[in-house]
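Descriptive structure summary
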Amino acid sequence: MFRKILIANRGEIACRVMETARRMGIATVAVYSDADAGAKHVAMADEAVHIGGPKPADSYLRGDRIIAAARETGAEAIHPGYGFLSENPDFVGAVEAAGLVFIGPSARAIRAMGLKDAAKRLMQEAGVPVVPGYLGADQDAARLAEAAADVGYPVLIKAVAGGGGKGMRLVETPDAFADALASAQGEARTAFGNPDVLIEKYVEKPRHIEVQVFGDGTDAVHLFERDCSLQRRHQKVIEEAPAPGMTAEMRAAMGEAAVKAARAIGYAGAGTIEFIVDGSRGLRPDGFWFMEMNTRLQVEHPVTEAITGIDLVEWQIRVAAGEPLPARQSDLAIHGHAFEARLYAEDVPAGFLPATGRLEHLAFPAGVRADSGVRPGDVISPWYDPMIAKIIVHGPNREIALSRLAAAVEGTEVAGSVTNLAFLAALARHPGFAAGEVDTGLIARDLAELTLPPSAPPAVAPLAALAVAGLAAGGGANTGFTLWTPLRQSVALLLDGEEQGAVVLPLAPDHFRVEIGEVIHDCALRQGQWWVDGEKAEVRIVPLSAGVALFAHGAHIARPVDQLARAGEGGAGGNAVLAPMPGLVKAVFVTPGTAVEKGQRLAVLEAMKMEHTLAAGRDGTVAEVLAGEGSQVEAGAPLILLEEEA
């Protein structure tokens, strides 16, 4: 067994691997960029080596520096995590050439599955069903459009070197194909350095079901399936295991197909075979097709661990150290049901834009597994994926597990960045999802309902006023009297971004009357518990550097109104197109004098490894272009100005 391993990754997955290594008595080495010098994974490791600047290309994608760090620290093996170099066969070859062990599959296996078109041809030869489509080398736009017509709309354009929804576009009509192709190719070139795409038939009511496989190079087993159908723009949101509605017959068929795929390439380590499933007529053994193989550990691997009781990272390390498969197929069984929800720093009302910020507060409910790479005080960086944590729950059946997921999400507390917590809570309470009616279009169909801002319970507003006034901590502050009249205090605050005024009237120590408009609230603190209008207030109040967070069915942020800042407010208003986040301007499609219509594409901003289209908010004429292609801009920076409206 290894004495020391290096983890060639960052964030949540680096921390996850370190936890298992520590339990196995294996020392760990972290690598870090300039942006991650104070990161959680650096603090957790026994040793840490700086490898470069904040850009992944200058650090986490520098295989030579990572290998040098392993040799300098005496590490015997490298665990790649997921993302970055985890599926780079050249890196695997370089690791082995340096006399180190790569904790994962061989370079040959990664190459076999690395390009979607070649992988599908290989799977066809192995007897694994594949989706109808075009896998040709001719990448001429006209040929691809012809192929799409032959396959029949709707179709999916998919980057052959892709993953995570990058370089993927759904095209429903022929006239939309050219723009979608250009967009997919541009994103693929940026993300993978390879603009080639394939065309695939789009299944009308698709489910995304994947099978966890594990091999030792000579044999393979499967650890059952995960349902990852709850997606938004091809990005997984909530995953579960096992798949709802799965029959024993279909599970056996999918498991057999997945093991065939792994054996066909002599697979060693953890891998995932992803299938697209036609859910329109229930789950049938003839209704699933191979999509791709991920030759690494998946983000959602904890749900498989929860239902099998197996530590997949431990298996990875043991097999890489030369041990055979730790279990036979007959040894494996499903116990209960598990869910994983991905908690992101993202602005849901703004279209799920990735967000940044310093996490002033982060807490998870007791008894919930939360895999996270950040701590209170850490910064969500614009350089990397904005995941805060994965929230994992388990129960004896799907109904109980889902109820636990909803409670876990609603009980999670985050302040310092906007998050998708309310969105996750709405999904966990969605009646269709609860009934097991899952498909990849569920979120899109009910997006308006799922993204409604959470309404604050009635107790939040008066407690926010007390907190901003400095009275929520108790102790009877400001409860004096003046001229025989109770001291009244006016409070101006922003609650969840909306201004409100309140008048606070002390009645006794820790007892107040709070007037908000025409509504009067009675607020009393009894033995550390707030009561509002005679009812116990299920609200937790956490001080922040500027204001407070009130946690009750989500986070509600209250801050005092800054009158000086208000006096200085101004700007271009509706005339300016602003950068919604820090990023790189990839393209600008207009020049001064260009007449534009509302919704017209003006520029493309690359941020958080994705491309974001910036559109005109109204009809008008471009007055000025303030940032050209290749410019690095900060959040809120004006990029394009429109002429004043007449």
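Residues numbered from 1 in each chain as written. Predicted model: local features only at pLDDT ≥ 70, side-chain atom pairs only at ≥ 80, totals over all residues. Heavy atoms only, no water.

Per an unreviewed UniProt entry, the recorded name for the chain is 3-methylcrotonyl-CoA carboxylase, and the organism is Haematobacter massiliensis. UniProt lists a comment for the chain under the heading Cofactor (unreviewed entry), and it reads "biotin". (UniProt positions renumbered as here; feature names shortened; annotations may be inferred.)

1. With respect to the overall build of the chain
Tallying secondary structure elements over the chain gives 18 helices and 42 strands in all. By the compact-globule yardstick of 26 Å for 646 residues, the chain fits well, its C-alpha radius of gyration being 27 Å. Overall, the chain is about 90 × 65 × 55 Å in size when its C-alpha atoms are taken along their principal axes. In the chain, which comprises 646 residues, the proportion classed as buried is 53%. (Helix = DSSP H or I, 4+ residues; strand = E, 2+ residues; numbered from the N terminus. Rg over C-alpha atoms; globule rule 2.2 N^0.38 Å. Buried < 20%, exposed > 50% of the residue type's maximum accessible area, 1.4 Å probe, protein only.)

2. Looking at empty space enclosed by the protein
Scanning the entire structure with this criterion turns up four cavities of 30 Å³ or more. What the largest cavity holds in volume is close to 40 Å³. Contributing to the lining of the largest cavity are Pro 80, Gly 81, Ser 86, Phe 102, Ile 103, Gly 104, Pro 105, Ala 270, Thr 295, Arg 296, Leu 297 and Gln 316. Residues that form the lining of the largest cavity fall into these classes: six nonpolar, five polar and one charged. Residue assignment places the lining of the largest cavity across two domains, with domain 1 (4-103) and domain 2 (106-131 + 205-335) each supplying three or more. (1 Å grid on protein atoms, 1.4 Å probe; cavity = no way out; pocket = protein on both sides within 12 Å on 5 of 7 lines; lining within 4 Å. Points joined across faces, edges and corners; volume = space filled by probe spheres on them. Nonpolar A, V, L, I, M, F, W, Y, C, P; charged D, E, K, R; others polar. Domains from an automatic or database assignment.)

3. Looking at the packing of aromatic side chains
Taken as a whole and judged by the stated rule, the model has eight aromatic pairs. Ring centres 5.1 Å apart and planes at 20 degrees place the aromatic pair Tyr 60 and Phe 84 in the stacked group. Highlighted residues: Tyr 60 in the loop between β3 (47-52) and α3 (63-73) and Phe 84 in the loop between β4 (77-79) and α4 (89-97), separated in sequence by 24 residues. You can call Tyr 60 buried: its relative accessible area is 0%. Overall, Phe 84 belongs to the partly exposed group, its relative accessible area being 26%. A centroid spacing of 5.9 Å and a plane angle of 75 degrees characterise the contact between Phe 339 and Phe 433, whose relative ring orientation is edge-to-face. Residue Phe 339 is located in strand β15 (residues 337-344), and its partner Phe 433 is located in helix α14 (residues 431-434); the two are separated by 94 residues in the primary sequence. For Phe 339, a relative accessible area of 0% translates into the label buried. Judged by its relative accessible area of 1%, Phe 433 is buried. Above the plane of the ring of Phe 433 lies Arg 398, whose end atom (NZ or CZ) is 5.0 Å from the centre. Its guanidinium or amino end placed over the ring of Phe 589, Arg 601 lies 4.2 Å from that ring's centre, counting from NZ or CZ. (Phe/Tyr/Trp six-rings, centres within 6.5 Å; stacked < 30°, edge-to-face > 60°. Lys NZ or Arg CZ within 6 Å of the ring centre and 35° of its normal.)

4. Description of unusual backbone geometry
A cis geometry characterises the amide bond from Tyr 153 onward to Pro 154, with omega recorded as 0 degrees. Relative to the helices and strands, Pro 154 resides in the loop between α7 (141-151) and β7 (155-159). With omega at -5 degrees, the peptide bond leading from Ala 241 into Pro 242 counts as cis. Here Pro 242 shows up in the loop between β12 (235-241) and α9 (248-264). A positive phi angle, close to 50 degrees, is found at Arg 233, a residue other than glycine. Among the structural elements, Arg 233 can be located in the loop between β11 (220-232) and β12. By relative accessible area, Arg 233 is classed as exposed at 61%. Positive phi outside glycine occurs at Asp 510, with the angle close to 60 degrees. For Asp 510, the location among the structural elements is in the loop between β27 (498-508) and β28 (511-516).

5. Some words on the nonpolar core
If you look at soluble globular proteins, the nonpolar side chains tend to sit buried side by side. Ile 238, Ile 388, Leu 405 and Leu 427 are the most contacted members of the largest nonpolar core, which has 36 residues in total. Secondary structure elements with two or more residues in this core: β12, β15, β22 (387-395), α12 (398-410), α13 (421-428) and α15 (442-445). Taken domain by domain, this core gets at least three of its residues from each of domain 2 (106-131 + 205-335) and domain 4 (339-453). Filtering out sequence-adjacent residues up to four positions away, Leu 405 remains in contact with Ile 238, Phe 339, Ala 341, Ile 391, Val 393 and Ala 428. One finds Ala 14, Phe 214, Leu 223 and Leu 312 within the second-largest nonpolar core, a separate group that totals 34 residues. (Core = buried A, V, L, I, M, F, W, Y, C linked by side-chain atoms within 4.5 Å. Contact = heavy atoms within 4.5 Å.)

6. Here we look at the environment of Glu 611
Along the polypeptide, Glu 611 turns up in strand β39 (residues 610-615). Placed 445 residues apart in sequence, Glu 611 and Lys 166 show a C-alpha to C-alpha distance of 8.9 Å. Apart from residues lying up to four places away in sequence, Glu 611 is in contact with Ser 183, Gly 186, Glu 187, Thr 190, Lys 586, Val 604, Leu 605 and Glu 606.

7. Topic: the packing of α3 against α4
Contact geometry for α3 and α4: axes closest at 10 Å, N-to-C directions at 30 degrees. What the angle tells us is that α3 and α4 run roughly parallel. Remark: the crossing between α3 and α4 carries right-handed chirality. Seen from α3, the contacting residues are Gly 63, Ile 66 and Ile 67; seen from α4, they are Phe 91, Ala 94 and Val 95. (Axes fitted to C-alpha atoms, helices over the stretch in contact; angles between N-to-C directions. Parallel < 35°, antiparallel > 145°, perpendicular 65-115°, else oblique. Left-handed = near helix turned anticlockwise from the far one by under 90°.)

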